[in-house]
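Analysis of the macromolecular model
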Amino acid sequence: MSNTYAQIAVFHDYFVSPFTWLIDHFAGWFDGSFGLALVAITILVRLALMPFMINQYKRQQGMRRKLAAMQPELEAVKRKYAKSAAPDKQRKQTEETMAVYAKHGYNPLNAGCLPMLLQIPILSGLYFAIRSNPELAHHTFLWFQLGSPDPILPFVAAGVYLLQARLQQAAQPPMNGAKGMGLLLYLSPVMMGVFSFTAPAALPLYWSVGGLVMIAQTLISRRLYPQEAAGAAVGTA
């Protein structure tokens, strides 16, 4: 139990507290506007993470090319063992499939987990800093109060995340079970919208701004790697 408290304290000291300090100081720079401070910090954090995410996009396109190149061999292995459900035959199918992967240097885990691992503590720290900031809760921004739920922002946040998810899906290598993954595409925006109806408006504002930056990030990635992006579009047609 003491280790858990120590980990929470470390997370609070190194991730939550710095963002709380930044929000307060940015608000001072923006003449007391905590809304503008939140928008500015969210954009800066996303921009700092953007090079890692663009590199991940590039790696995903490389995976697409490799998967397209080895698809005939994978189909041949699948046809070879299609009529056999024996455990030893299924094992041989798995072994031959992995051999094809190794031949082409294909590794699904090689798409780049570092950006995801890197952004989790950073974005979580910003989230809890927003949630726990007592000053932020009593200020207004645009038409809403940052510390109270707003009936419009949930739809904005859900719409932004749906668009962002669809753009990211086009960059993902095609995988088995893509139909099920299509359903998951809508799960995150729906949950985001539902949660936003009871959350302080500062949170869907944060999610909406972050989602817009991620949309811009995806469009920039496509422009930087037009051939890979074009190949991705063909693969999903």
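Quick caveat: nothing in here was measured; it's all calculated off a predicted structure. Each chain carries its own residue numbering, running from 1 in the written order of its sequence. In keeping with the model being predicted, local features are shown solely for residues with a pLDDT of at least 70 and side-chain atom pairs are shown and tallied solely at 80 or more, while totals for entire chains, interfaces and linings include all residues. Note that the side-chain values use all heavy atoms of the structure and ignore hydrogens as well as water.

Our focus in this paragraph is the overall build of the protein chain. For helices the rule is a DSSP run of H or I covering at least 4 residues; for strands it is a run of E covering at least 2, with both sets numbered from the N terminus onward. Across its full length, the protein chain carries 8 helices and 2 strands. Reading the helices (α) and strands (β) of the protein chain from amino to carboxyl end gives α-α-α-α-β-β-α-α-α-α. Classification of residues uses two cut-offs on accessible area relative to the type maximum, computed with a 1.4 Å probe and protein chains only: under 20% is buried, over 50% is exposed, and between them is partly exposed. Looking at the protein chain as a whole, 38% of its 237 residues are labelled buried. Look at the contacts in the protein chain between residues 6 or more apart in sequence, and 78% of them connect residues 24 or more apart. Total accessible area on the protein chain stands at roughly 13900 Å², and carbon and sulfur atoms take up 67% of it. By definition, residues are in contact when any of their heavy atoms lie within 4.5 Å. For accessible areas, the Shrake-Rupley method is used with a probe of radius 1.4 Å. Any residue's cover is judged against the shown protein chains and nothing else.

As a further point, take the packing of helix α2 (residues 34-80) against helix α7 (residues 202-224). Packed helix pairs are specified by the crossing angle of their axes together with the interaxial distance, meaning the distance between the axes. Think of each axis as a best-fit line through the C-alpha atoms, taken over the contacting stretch in the case of a helix, with angles from 0 to 180 degrees between the N-to-C directions. At their nearest, the axes of α2 and α7 sit 9 Å apart, and the two run at 35° to each other. Our pair here, α2 against α7, has a crossing hand that is right-handed. Only A202, L205, Y206, V209, G210, V213, M214, Q217, I220, S221, R222 and L224 of α7 make contact with α2, whose side of the interface consists of G35, L38, V39, T42, I43, R46, M50, M53, I54 and Y57. Under the scheme applied here, ten amino acids are nonpolar (Ala, Val, Leu, Ile, Met, Phe, Trp, Tyr, Cys and Pro), four are charged (Asp, Glu, Lys and Arg), and all others, including Gly, are polar. Split by residue class, the contact of α2 with α7 holds 15 nonpolar, 5 polar and 2 charged. Left-handed describes a crossing whose near helix is turned anticlockwise from the far helix by less than a right angle; the clockwise case is right-handed.

Any aromatic ring pair is given by two values, namely how distant the centres are and how the planes are angled relative to each other. Each Phe, Tyr or Trp ring, with Trp reduced to its six-membered ring, pairs with another whose centre is within 6.5 Å; inter-plane angles below 30 degrees give stacked pairs, above 60 give edge-to-face pairs, and intermediate values give tilted ones. This structure, assessed with the given rule, holds 8 aromatic pairs. Pairing Y127 with W207 gives two aromatic rings, centres 6.4 Å apart and planes at 15°, and the pair type is stacked. Of the two residues, Y127 is situated in helix α4 (residues 114-132) and W207 in helix α7; the sequence distance between them amounts to 80 residues. This pair shows no difference in class: Y127 is buried, exactly as W207 is. Taking the centre distance of 5.8 Å and the plane angle of 50° together, the rings of F195 and W207 count as tilted. A residue pair is termed long-range when its members are at least 10 positions apart, and F195 in helix α6 (residues 178-196) and W207 in helix α7 qualify at 12 residues. Residue F195 is classed as partly exposed on the basis of its relative accessible area, which comes to 36%.

Such coordinate-based values are descriptive only and should not be taken to indicate function.
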